[in-house]
Amino acid sequence: DPRTVELPDDEHRQGGEGGGSVGDDVGAGSTSTEPKSYPTGVYESAGPIRAPQDDTVAATPQIAGQDGVLVRVDWGLCDDDTACLLDTIQKNLDSAASRNLKVALAVSDGHTIPPAVKSACVTFPFVFNGENQTMCLAWDTNYLQAKQDFIRQLGARFDDHPALGYVYFTGACSTNGFEGH
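Everything numeric here is computed off the predicted structure, so don't read it as measured data.

Parameters at a glance
- Residues numbered from 1 in each chain as written.
- Predicted model: local features only at pLDDT ≥ 70, side-chain atom pairs only at ≥ 80, totals over all residues.
- Heavy atoms only, no water.
- Pairing = 2+ DSSP bridges.
- Helix = DSSP H or I, 4+ residues; strand = E, 2+ residues; numbered from the N terminus.
- Buried < 20%, exposed > 50% of the residue type's maximum accessible area, 1.4 Å probe, protein only.
- Contact = heavy atoms within 4.5 Å.
- Polar contact = N/O pair within 3.5 Å; in protein donor to acceptor, adjacent residues only side chain to side chain.

Novice: A description of the pairing of strand β6 (residues 131-136) should follow, citing residues and the corresponding values.
Specialist: The pairing of strand β5 (residues 123-128) with β6 spans 6 bridges and is classified as antiparallel. Note on β6: the bridge partner recorded for F126 is Q133. Hairpin geometry of β5 and β6 is characterised by an intervening segment of 2 residues between the two adjacent antiparallel strands and by a positive phi of about 50 degrees at N129.

In structure tokens, the structure reads:
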């Protein structure tokens with residue numbers, strides 16, 4: 001079920017002044033030197049991107065007063081093809097921009113990471129919804145390096161995109177967490 005989330009404005013959020021750029025502290029490659037403000041307004045929770053080149057923004061009904069869309073994507077959506085994943089994210093950002101919306105981009109981590117990343121890290125097994133799964137240990141250096149590399153790629157390509165409100169990853173050892181709780 002879609003959920004509507006009201007984000008606090010800059011005067012009412014906690015955590016100090018200004019926001020950050022995508023990939024802060026990892027050299028995202030943005031040309032901007034000014035910190036970005038935190039996004040505000042009403043964001044509709046879209047369904048997840050289920051396949052490469054899905055446009056979940058276009059498929060999400062807009063509501064009166066809506067400022068943005070929560071776009072959810074698995075890091076491993078395109079297996080090990082990062083260009084495919086970035087192109088799919090681009091499609092959704094462009095779709096949002098054409099509708100004058102912002103995107104809260106949520107990248108699912110945990111057991112949905114690219115196969116090459118998972119095969120290079122130390123994993124642990126668990127059962128989720130009755131299915132056997134594995135995920136990398138959150139402190140595994142190969143996993144952390146791959147994640148940092150991907151964050152840099154996101155920042156280099158999208159930091160200056162007008163529709164990008166913010167990016168976050170679900171926890172390294174989680175199976176959900178898209179709504180930011």
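Novice: Provide a residue-level description of the environment of V69, including the pertinent values.
Specialist: With respect to the helices and strands, the residue V69 is situated in strand β3 (residues 66-74). We classify V69 as buried; its relative accessible area is 1%. Separated by 94 residues in sequence, V69 and A163 have C-alpha atoms that sit 9.9 Å apart. In contact with V69, other than residues within four places in its own chain, are Y43, E44, A46, V57, T60, L101, K102, V103 and A104.

Novice: I'd like a rundown of the side chain of Q90, residues and numbers included.
Specialist: If you trace the backbone, Q90 turns up in helix α2 (residues 82-98). Classification of Q90 by relative accessible area gives buried; the value is 19%. Reaching out from Q90, the side chain makes a polar contact with the side chain of R157 at a distance of 3.2 Å.

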